[in-house]
Amino acid sequence: MAMRWEQLAKRQPVVAKMLQSGLEKGRISHAYLFEGQRGTGKKAASLLLAKRLFCLSPIGVSPCLECRNCRRIDSGNHPDVRVISPDGGSIKKEQIEWLQQEFSKTAVESDKKMYIVEHADQMTTSAANSLLKFLEEPHPGTVAVLLTEQYHRLLGTIVSRCQVLSFRPLPPAELAQGLVEEHVPLPLALLAAHLTNSFEEALALAQDSWFAEARTLVLQWYEMLGKPELQLLFFIHDRLFPHFLENHQLDLGLDLLLYLYRDLLHIQAGQMDGVLYRDQLDRLQRWALACPQRRILAGMEAILQAKTRLNTTNMSTALLVEQLVLQLKR
């Protein structure tokens with residue numbers, strides 16, 4: 001879904017104000033550096049800027065989003081807007097040289113050109129030096145946007161030649177509210193907003209029926225910890241494993257379980273606003289009353305250890321989960 005200025009202003013007010021002010025005054029920088037965590041909207045903002053610069057029917061500082069140029073930028077097919085991404089883990093000198101050759105030619109359809117470099121911190125040294133020369137001698141009408149999650153890894157000389165705009169992480173409460181505005185049920189919105197900082201990822205997750213089922217299974221998982229061991233292990237193999245097939249799915253399931261344990265702590269501390277499984281408050285209050293705080297903390301530590309083993313060892317996931325549930329049961 002293409003970003004609009006209103007959305008950017010809501011999620012990144014400082015960035016939106018700086019870019020809009022530059023457009024209003026006709027003072028667009030020849031080079032920008034968009035820095036911030038993954039999912040904070042850097043790529044979407046760069047494409048929004050591109051659409052405004054190339055739009056055939058702009059409305060003030062806003063692109064129309066409907067014209068031929070806006071649509072081609074969205075589809076990645078505009079000849080004067082180029083996006084460079086890492087090739088095999090890094091951005092190579094040959095990619096920057098190709099970009100320079102392309103931009104030495106006359107613009108195909110206007111007097112402007114724009115290039116976007118994704119993960120600019122992953123440039124090789126030779127690529128970074130080539131880009132530096134490009135930034136030092138920009139072609140008239142050329143705008144560069146570098147995107148990075150780790151701008152401290154870029155050459156200081158590159159950073160100094162760019163206008164740096166920092167994208168802040170979106171607070172989970174704001175992200176959850178945005179999801180609710182997209183008709184996501186609050187219980188799913190609260191959890192999705194804590195699992196990723198990216199609005200697009202959170203929305204896709206919350207709208208996936210797999211995620212809703214995962215949440216239900218995790219609640220059942222905790223409830224089954226009070227059942228006999230054989231019954232618990234049958235539930236694990238019959239219900240959990242078929243749903244959490246891949247490692248990344250199991251990792252997410254462990255996160256959901258961790259947040260459930262955190263909710264129990266919030267309830268014991270009387271911090272009801274911090275509860276994420278808010279629609280399950282009656283059950284959670286019963287569980288919180290029946291579980292000493294030290295047991296909750298021990299359970300959270302066991303879950304974190306299981307997440308570490310899942311992501312750093314080749315341990316069988318079946319064995320990992322079985323060991324975890326027995327720890328939690330104790």
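Residues numbered from 1 in each chain as written. Predicted model: local features only at pLDDT ≥ 70, side-chain atom pairs only at ≥ 80, totals over all residues. Heavy atoms only, no water.

As recorded in an unreviewed UniProt entry, the chain goes by the name DNA polymerase III subunit delta', listed as coming from Geobacillus thermopakistaniensis. Taken from UniProt, the Catalytic activity (unreviewed entry) comment for the chain reads in full: "DNA(n) + a 2'-deoxyribonucleoside 5'-triphosphate = DNA(n+1) + diphosphate". (UniProt positions renumbered as here; feature names shortened; annotations may be inferred.)

1. Some thoughts on the packing of aromatic side chains
Inspection of the entire model under this criterion finds 6 aromatic pairs. Measuring from centroid to centroid gives 6.1 Å for Tyr-32 and Phe-34, while their planes differ by 55°, and the two rings are tilted. Each member of the pair, Tyr-32 together with Phe-34, is buried. On the basis of an interplanar angle of 45° and a centroid distance of 4.7 Å, the ring pair of Tyr-222 and Trp-287 is categorised as tilted. Taken together, the positions of Tyr-222 in helix α11 (residues 209-224) and Trp-287 in helix α14 (residues 281-290) put the pair 65 residues apart, joining distant regions of the chain. For the pair Tyr-222 and Trp-287, a shared accessibility class is recorded, and that class is buried. An aromatic cluster of three or more residues is present, and its members are Tyr-32, Phe-34 and Phe-167. For Arg-11, the ring lying beneath its charged end belongs to Phe-199, and the centroid distance is 4.2 Å. Above the ring of Phe-54, the side-chain terminus of Lys-112 is found at 5.7 Å from the ring centroid. (Phe/Tyr/Trp six-rings, centres within 6.5 Å; stacked < 30°, edge-to-face > 60°. Buried < 20%, exposed > 50% of the residue type's maximum accessible area, 1.4 Å probe, protein only. Helix = DSSP H or I, 4+ residues; strand = E, 2+ residues; numbered from the N terminus. Lys NZ or Arg CZ within 6 Å of the ring centre and 35° of its normal.)

2. Some points on the domain arrangement of the chain
Structurally, the chain comprises domain 1 (3-164) and domain 2 (207-327). On a C-alpha basis, the centroid separation for the pair domain 1 and domain 2 is 42 Å. (Domains from an automatic or database assignment.)

3. Things to note about the sheet that holds strand β5 (residues 163-167)
Sheet architecture is open: 5 strands sit in the order β2-β3-β4-β1-β5, paired in parallel fashion. One side of each edge strand has no neighbouring strand; the edge strands of this open sheet are β2 (81-84) and β5. Within the sheet, the average angular offset between the axes of one strand and its neighbour, ignoring direction, is 15°. The pairing of strand β1 (residues 31-36) with strand β4 (residues 142-148) spans 5 bridges and is parallel. Considered in β4, the bridge of Phe-34 is made with Leu-147. Helix α2 (residues 13-25) contacts β1 and β5 of the sheet and is inclined by roughly 145° relative to β5. Relative to strand β3 (residues 113-117), helix α6 (residues 125-136) is tilted by about 150°, and along the sheet it contacts β1, β3 and β4. (Pairing = 2+ DSSP bridges. Axes fitted to C-alpha atoms, helices over the stretch in contact; angles between N-to-C directions. Contact = heavy atoms within 4.5 Å.)

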